[in-house]
Amino acid sequence: MLQDITQFIYREARLLDDRRFDDWLSLFDDDGLYIVPLVDEAPPGRQAAIVNDDRMAREERVYHLVNHWFPAQQPPSRTLHFVSNVVADERGDLWSVSSSQLIHETRGGDWTQVGLGEKNAIVARVDYLLRRGDRGFRIHEKRVHLLDRAGWQGNLAFIY
Amino acid sequence: MSRTPEIDVGDYVREIPGQQFLVRTEAYTDEDVFELEMTHIFERTWIYVGHETEFASAGSFKTAYAGRQPIVVIRDKEGKIGAFFNRCMHRGATLLREPQGVVQEMRCPYHGWVFDLAGRTRLVSERGDPGGYGANFIEPEGLLRVPRLESYRGLLFVSLDAGIEPLASYLGELKAVIDAKLDLSPVGRIVIASKPYVCRYKGNWKLQTENIVDAYHFMHTHGAFVKLQAKYGDSTGDFGVHKGRSSREMREQRFRGETWSCRQGHGFARVPAADPGYLLDGEFGRMYRELLDKHGEAAFAGITAKATSTVFPSMGMIHQQIRVWRPISVDETEVLIYPYEIEGAPDAFNAGMLRSQERFYGPSGFGMADDTEIFARVTQGLRASSVEWLVFDRGMDSDERTASGDYRGLPSSEAPQRALWRAWENMMRQASKHA
């Protein structure tokens, strides 16, 4: 089972790296959540998150990335995910999965331009709640705990 | 980035009334100009340091900067909020380093001196040790207090200039904008419950001051977001703020309203609600009808207008947030974005506003990252120092001088940007006299 789970997470990372965003969307449950919190413990409903995407917001994010020209993704980011330290526990009808991820991001183009050609490293613990169904796993929640969430962030206008 | 051998700030801003307004490239790129700004602007203006609701109990503190001087703002046991330079009176270590928190006392980690919540020296450690402090030791009474700390409706500002005009008078015409934003609350108060987004960009601090009140850039820098709204509308947290309509309707809506250039350097742009009837009959109609009854039609129009504003030099109110920016160097700036809640509004209203902040602001939002990307491009472009001037002429011929000495412009005028530069030139002239 751990191997199946690990393979699923590797594939999820690969879809993002390959910019196959529509396939990435289909990995989620309809009521699934993609969330990047700003703080660890927050009063519910009273703390802004960096990303707080339900199904519609995920679709919007992908539509924006794929169809629109906008300054923060011109040129677009390339990413490469490194996934390790996968730990999985069964919790009711869900699998609770924790992983360490090192996500390298760079934007191509003329490297003399500010912000382009720089290699940025995003270091995060990425926790998943996975639901096992007839068609394999579905993501019920993907929660990205940025290591430097207490500090300042640069341009994170891509999916990570 | 660069240094000019002699600064003549008298020639950094060139205004031909009603016709032309130019700003010199070096105003954004010169390190000596930046040094002068830190002392002669940031130490002589009112600097926002927090909101009263962030200091819930005795010992609640926030750290901040006035220019480059570190400050701690803290509530004492009597409930009074004080502002001190964040430095031990002994040998200089900063006392508190977290952005905010709660402490019992301020204890220096270096040699263990302790200051109470009112800033008074409470303990000089190992005082009587052999070779310690003798009978003639002049003990510092306490931390050095920042000369001025004042609140306007819970918004706390400090100034290092003891002789500066009172905050309420300094805010001038901008008070109307703050009042309208706070009066959206049935009890006239806001609450800061969320920790802020923190961003940095490669660019001068004045790019943020200009941009937060820039109606002109929205359809261009954020043109893709306007299209996104047309497709997804309210469904992902639009919440009537950047109202999801067609690009044409968005443009027409933006041609209503007014812009202001305040003599103190503040600027704002205000656009009336697209459809007040929609508010009165909508999900939160009861709240809006009560506001209409309480304040009357004219004030209600102000309360429901969308206003974006800046308090010179480094604070702004836009959407439902307070924004603060801190110059780090001539070409690096830190931006804090604090979403706030409307006290007394339904939970669903505040929750919806928070979703709309997440949608547009923050490092993964659909707006903020575009602005900071543009700032970096401006910084890059300004390296073409062979081009002498930036152009701020827009709306010059239609701005009207008011009796108060401010300027009121048409909706897409660059009047708010000119406010910054008029005040900047005035203060920097004083600086070169003293230099």
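Residues numbered from 1 in each chain as written. Chains lettered and ligands numbered in written order. Predicted model: local features only at pLDDT ≥ 70, side-chain atom pairs only at ≥ 80, totals over all residues. Heavy atoms only, no water.

Draft legend 1. Quick peek at the interface of chain B and chain A. Opposite the 36 residues of chain B that make contact, chain A presents 35 residues. Summing both sides of the interface, chain B and chain A together bury roughly 3200 Å²; the carbon and sulfur share of this comes to 56%. Contact with chain A buries surface across chain B, with Pro363(B), Ser364(B) and Glu373(B) losing the most and accounting together for 18% of the total. The interface formed by chain B and chain A contains 20 residue pairs in polar contact (both at pLDDT 80 or more). Going through the elements one at a time, β14 (197-201), α7 (223-232), α11 (347-360) and α12 (368-381) of chain B are the ones with two or more residues in the side of chain B that touches chain A. Top element by residues in the side of chain B that touches chain A is α12(B). It accounts for seven residues. A class-by-class count of the residues in the side of chain B that touches chain A yields 17 nonpolar, six polar and 13 charged. (Contact = heavy atoms within 4.5 Å. Buried area = accessible area lost by both parts, 1.4 Å probe. Polar contact = N/O pair within 3.5 Å; in protein donor to acceptor, adjacent residues only side chain to side chain. Helix = DSSP H or I, 4+ residues; strand = E, 2+ residues; numbered from the N terminus. Nonpolar A, V, L, I, M, F, W, Y, C, P; charged D, E, K, R; others polar.)

Draft legend 2. How the structure looks around the sheet that holds strand β20 (residues 332-339) of chain B. All names here are of chain B. The nine strands are arranged β14-β20-β19-β18-β17-β16-β15-β24-β23 in an open sheet whose pairing can be described as antiparallel. Looking at strand neighbours, the two that pair on one side only are β14 and β23 (400-401), the edges of this open sheet. In this structure, β23 lies alongside strand β24 (residues 407-409), joined through two bridges in antiparallel fashion. Its bridge partner being in β24, glutamate 400 is matched across the sheet by arginine 408. On top of the sheet, helix α4 (residues 174-182) reaches β16 (267-271), β17 (306-311) and β18 (315-318); it is set at about 130° to β17, its chief contact. (Pairing = 2+ DSSP bridges. Axes fitted to C-alpha atoms, helices over the stretch in contact; angles between N-to-C directions.)

Draft legend 3. Representation of the packing of aromatic side chains. A complete count under the given rule lists 22 aromatic pairs over all chains for this structure. Arranged with centres 6.4 Å apart and planes meeting at 85°, the rings of Tyr288(B) and Phe300(B) form a pair that is edge-to-face. For Tyr288(B), a relative accessible area of 8% gives the class buried. One aromatic cluster is present, built from ring pairs that chain together Tyr12(B), Tyr28(B), Phe392(B), Trp421(B) and Trp424(B). For Arg58(A), the ring lying beneath its charged end belongs to Phe28(A), and the centroid distance is 4.2 Å. Taking the ring centre of Tyr216(B) as reference, the NZ or CZ of Arg394(B) above it sits at 3.4 Å. (Phe/Tyr/Trp six-rings, centres within 6.5 Å; stacked < 30°, edge-to-face > 60°. Buried < 20%, exposed > 50% of the residue type's maximum accessible area, 1.4 Å probe, protein only. Lys NZ or Arg CZ within 6 Å of the ring centre and 35° of its normal.)

Draft legend 4. Representation of a nonpolar patch on the surface in the model. Residues and elements named next belong to chain A. Taken together, the side chains of Leu80, Phe82, Leu102, Val123 and Leu147 define a hydrophobic patch exposed on the protein surface, amounting to about 460 Å² of accessible area. With respect to the element layout, leucine 147 can be found in the segment after β6 (136-146). Owing to a relative accessible area of 66%, leucine 147 belongs among the exposed residues under this scheme. (Patch = residues over 30% accessible without salt bridge, like charges linked within 9 Å, V, L, I, M, F, W, Y side chains within 5 Å. Areas by Shrake-Rupley, 256 points an atom, 1.4 Å probe, with all protein chains shown as cover. Salt bridge = Lys/Arg side-chain N within 4 Å of Asp/Glu carboxyl O.)

Draft legend 5. Geometry of the pattern of salt bridges. Residue and element names in this part refer to chain B. Overall, the coordinates contain 36 salt bridges over all chains when judged by the stated rule. Among the ionic pairs, glutamate 388 bridges to arginine 24, the shortest N-O distance being 3.2 Å. With a gap of 364 residues between them, glutamate 388 in the loop between α12 and β22 (389-391) and arginine 24 in strand β2 (residues 20-24) connect regions that are remote in the sequence. Accessibility expressed as a relative area gives 43% for glutamate 388, which makes it partly exposed. For arginine 24, a relative accessible area of 14% corresponds to the buried category. A cluster of three or more residues bridged by salt bridges with shared partners is formed by Asp11, Arg14, Arg24 and Glu388.

Just distances and angles here, no functional claims.
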